[in-house]
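Structural description and commentary
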Amino acid sequence: MSDHPRDRFDLVPDAEAEIAFLDALERGRLHHAWLLCGPEGRGKATFAHRAARRLLGAAPDPSRGPLGARPEDPVSRLVSARSHPDLLVLERAVEGGKTKRNISVDQARDLPEFFSKSPAQAGRRVAIVDAADDLNANAANAILKTLEEPPPRGILLLVCHAPGRLIPTIRSRCRRLTFRPWSEAAITDLLRNTVGLDLAEARAVAATSGGSPGAALAAIGDEARAAGELARRWVSTPGPLDRSERLALQGTLRGAEGAARFEAMMDHLAGAVRDRALAGGEGAADWADLWSRLTEWPDRAAGLNLDRGEVLASALNDLERTKARAC
């Protein structure tokens, strides 16, 4: 499977969501803005690109699901090549080989100009924001201006992992589609058919995926799986973290491989904390605050050339303080 949703043709993230979108399209009741909701890794960005192909005129291919299209269709080729004139995708920019943590206000300001133009090839213009969670405050306000003055032939698809963190005025102007968790059996089949895992390993990965096909695919490999399990255990287990485990991990963060390991571990930590925050209950606000801080640490480390081991230590100290407050 390709790494990017624009090239995924055979993955159907949620057939019911696709049917609901098609029903609105065929009835002529297509809302101008759609909020695609659910935890990260459930295929929301893949759905957005599948919907975009259909809206831009790609020939349907029912064998690939309700919103299926043929990869060789001219529209599909243009979308995959990122060269369709009627499609704009806003996602975190990559500079110097590093992905920024936010979608900037300058990127968001491209939307009004994009929607002010008439469609070049299709009957509509489509914009995808992947993900709305990555919008900084000014960028979110820029998106809101577009929502307040809907373009006559424009459709906006906003991928969103945590709708509660969006400003209410954005949520209120969108129609929501919620993506359900996959069953362990469905994820097992995905891993066997697309990656070639044997049944036992596929079942083991599926059991820890939380119903997320994206998380399952990311967890393949012993090191990735071990890092994810460690992060989840650190977040879920009461009391201080094991000092020897902390020090052992901090000692592996030097060099190019260490940089990749650091980024992955911070992502696993942020994901585990996010899941804890979204679970609600006592201390949810503290967990949400920690989640926000964790997403900022990697950029701060790179921007200030901080020692990665010390940054991880600070993040874990922050985690221990949050656990103490939340209990």
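Structure's up top.
The numbering scheme is per chain: residues are counted from 1 as the chain's sequence reads. Whole-chain, interface and lining totals are the exception, using all residues; otherwise, since this is a predicted model, local features are given only for residues with pLDDT of at least 70 and side-chain atom pairs are given and counted only at 80 or more. Only hydrogens and water are removed before side-chain values are computed, so all heavy atoms of the structure are retained for them.

Paired strands, in this sense, are two strands between which DSSP finds at least two bridges. Helix and strand assignments come from DSSP, with helices taken as H or I runs of at least 4 residues and strands as E runs of at least 2, each series counted from the N terminus. Strand order in the open sheet formed by five strands is 2-5-6-1-7, and the pairing between neighbours is parallel. Both outer strands of the open sheet, strand 2 (87-91) and strand 7 (175-178), are each paired with one neighbouring strand and no more. Neighbour to neighbour, the strand axes of the sheet diverge by 15 degrees on average, direction disregarded. Where strand 1 (residues 33-37) lies against strand 6 (residues 154-160), five bridges are found, and the strand directions are parallel. Its bridge partner being in strand 6, Cys 37 is matched across the sheet by Cys 160. Here a residue-residue contact requires only that any non-hydrogen atoms of the pair lie within 4.5 Å. Every angle, taken between N-to-C directions, lies between 0 and 180 degrees, and every axis is a line fitted to C-alpha atoms, over only the stretch in contact when it is a helix. The strands that helix 1 (residues 15-26) touches are strand 1, strand 6 and strand 7; relative to strand 7, the one it contacts most, it runs at about 155 degrees. Of the strands in this sheet, strand 1, strand 2, strand 5 (125-130), strand 6 and strand 7 touch helix 2 (residues 44-55), which is tilted by about 170 degrees from strand 6.

Owing to its 3.6 residues per turn, the α-helix brings residues three or four apart onto one side. Working definition: with a 1.4 Å probe on protein chains only, accessible area under 20% of the residue-type maximum means buried, over 50% means exposed, and in between means partly exposed. All of the buried residues along helix 9 (residues 199-207) are Ala 202, Val 205 and Ala 206. An end-on view of helix 9 places all buried positions within 100 degrees of arc, on one side of the element. Among the exposed residues of helix 9, those pointing more than 90 degrees away from its buried face are Ala 200 and Arg 203. Any pair of nitrogen or oxygen atoms within 3.5 Å is treated as a polar contact; in protein, a donor-acceptor pairing is required on top of that, and neighbouring residues in sequence qualify only through side-chain atoms on both sides. Its side-chain oxygen placed 3.3 Å from the backbone nitrogen of Ala 200, Asp 198 serves as the N-cap of helix 9. Read the arc as the range of directions from the helix axis to the C-beta atoms.

Within the secondary structure, Asp 130 is located in strand 5. In this tally Asp and Glu are treated as negative and Lys and Arg as positive; neither His nor the chain ends contributes. The working definition used for a salt bridge is a side-chain nitrogen of Lys or Arg within 4 Å of a carboxyl oxygen of Asp or Glu. Salt bridges are absent for the buried Asp 130, whose nearest opposite-charge side chain, Lys 44, sits at 7.5 Å. Those residues within four positions of Asp 130 in sequence are excluded, and the remaining contacts are Ala 45, Leu 90, Glu 91, Arg 92, Ile 103 and Val 159.

Another point: the packing of helix 13 (residues 255-278) against helix 15 (residues 308-326). Packed helix pairs are specified by the crossing angle of their axes together with the interaxial distance, meaning the distance between the axes. Close contact between helix 13 and helix 15 brings their axes to 11 Å; oriented N to C, the two are set at 15 degrees. What the angle tells us is that helix 13 and helix 15 run roughly parallel. The two elements helix 13 and helix 15 meet at a crossing, and its hand is left-handed. Contacts between helix 13 and helix 15 pair Gly 255, Gly 258, Ala 259, Phe 262, Met 266, Leu 269 and Val 273 from the former with Arg 308, Val 311, Leu 312, Ala 315, Leu 316 and Leu 319 from the latter. Each angle is binned into one of four classes, with values under 35 degrees roughly parallel, values over 145 roughly antiparallel, values of 65 to 115 roughly perpendicular, and all other values oblique. Crossing chirality is assigned from the near helix's rotation relative to the far helix, an anticlockwise turn below a right angle marking it left-handed and a clockwise turn marking it right-handed.

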